[in-house]
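Geometric and topological summary
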Amino acid sequence: MSPISDSLFAFLSELESNNHRDWFNENKDRYHLEVRDPALALIEQLEKPLRKSAPMLRVIAKGRGSSLMRIYRDTRFSKDKTPYKTNVGISLRHDAQGCIHAPGVYIHLANDECFVGAGCWRPERQTLAAIRAAIDADPKTWKRVVKAKAFRDCYSLAGESLKTSPRDYAKDHPMIEDLKRIDFIGISPLSRQEVLSKDCVGVLLTKIRAARPLMRFLCDAVDIPY
């Protein structure tokens, strides 16, 4: 069975209504039992099959560098001062570049939506320039990647874009809409039923494998393996 149960979503719903330290501290054992431990079990179930199909992704269930993101929010630069996230985030980062801005896979579980994201979110300046250069140099391959049926059946390109053309690229460049992107990510929705089903891991693996051409294009652009 899926390690994820309705209890995880129920806890996140209660946390949304009681997003303060007193409530969380009183319910911390519940958080461990109903949210953290099932999420770690899911990561553990993904570890072995992804070692074969996506060996460059870090799939770490426990210890330092765990793929499970912290529930504590960084409120230093946010107007929203609530201390806790009301979602579960699982970040499978690339082994060559462990930062969140490198090509990777992200699994999001929340009451309002669940999804798998794959690609580069807000790549730093050098990586962003390299991806744009790769699209400019080989637009046919980029189009083939994002228009492939297997990819489109699972994913839609998402993220933000510049309002104007980036420096060094003409406004009438045939690939200008893709060159204006500042995120290069595909989003694949997950239904609650899929998350809770006994084939949850199989569904996630299928989606991650469908993103392989996109991940490979982005990794090739920054000269790291996938």
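Scroll up a little and you will see the structure.
The following paragraphs examine the structure supplied in this document. Remember, it's a predicted structure, so these values are computed and weren't measured experimentally.

Cut-offs used in this document
Residues numbered from 1 in each chain as written. Predicted model: local features only at pLDDT ≥ 70, side-chain atom pairs only at ≥ 80, totals over all residues. Heavy atoms only, no water. Core = buried A, V, L, I, M, F, W, Y, C linked by side-chain atoms within 4.5 Å. Buried < 20%, exposed > 50% of the residue type's maximum accessible area, 1.4 Å probe, protein only. Helix = DSSP H or I, 4+ residues; strand = E, 2+ residues; numbered from the N terminus. Arc of directions from axis to C-beta. Contact = heavy atoms within 4.5 Å. Pairing = 2+ DSSP bridges. Axes fitted to C-alpha atoms, helices over the stretch in contact; angles between N-to-C directions. Phe/Tyr/Trp six-rings, centres within 6.5 Å; stacked < 30°, edge-to-face > 60°. Lys NZ or Arg CZ within 6 Å of the ring centre and 35° of its normal.

The subject of this paragraph is the nonpolar core. Here is a general trend for soluble globular proteins: nonpolar side chains tend to be buried in one another's company. Core analysis: the largest hydrophobic core is formed by 66 residues, its most contacted members being Leu46 and Val88. The biggest single contributor to this core is helix α3 (residues 28–53), with 8 residues.

This paragraph deals with helix α5 (residues 139–147). Among all positions in α5, only Trp142, Val145 and Val146 are buried. Seen end-on, α5 carries its buried residues on one side only, within an arc spanning 85°. For α5, the exposed residues lying more than 90 degrees away from the buried face are Lys140, Arg144 and Lys147. Among the structural elements, α4 (125–137), α6 (149–154), β4 (156–158), α7 (176–179), β5 (184–190) and α10 (212–221) are those in contact with the buried residues of α5.

Taken in spatial order, the 5 strands of this open sheet run β1-β2-β3-β5-β4, and their pairing is antiparallel. Looking at which strands have only one partner, the edges of the open sheet turn out to be β1 (87–93) and β4. Adjacent strand axes in the sheet meet at a mean angle of 25°, parallel and antiparallel pairs treated alike. As paired elements, β1 and strand β2 (residues 104–110) share 7 bridges and run antiparallel to each other. Bridge assignment links Val88 to a residue of β2, and that residue is Leu109. Against the sheet, α3 engages β1 and β2, with an angle of about 25° to β1.

Next up on the list: the packing of aromatic side chains. Here the structure, examined in full by the defined rule, presents 10 aromatic pairs. Where Phe24 meets Tyr84, the ring centres are 4.2 Å apart and the plane angle is 20°; that geometry is what we call stacked. A residue pair is termed long-range when its members are at least 10 positions apart, and Phe24 in helix α2 (residues 21–26) and Tyr84 in the loop between α3 and β1 qualify at 60 residues. For the pair Phe24 and Tyr84, one class covers both residues: buried. Look at Phe151 and Tyr155: their rings are 5.2 Å apart centre to centre, the planes differ by 10°, and that puts the pair in the stacked class. For the pair Phe151 and Tyr155, a shared accessibility class is recorded, and that class is buried. An aromatic cluster of three or more residues is present, and its members are Phe11, Trp23, Phe24, Tyr31, Tyr72 and Tyr84. Directly above the aromatic system of Phe9 lies the positively charged group of Arg192, at a separation of 3.9 Å from the ring centroid.

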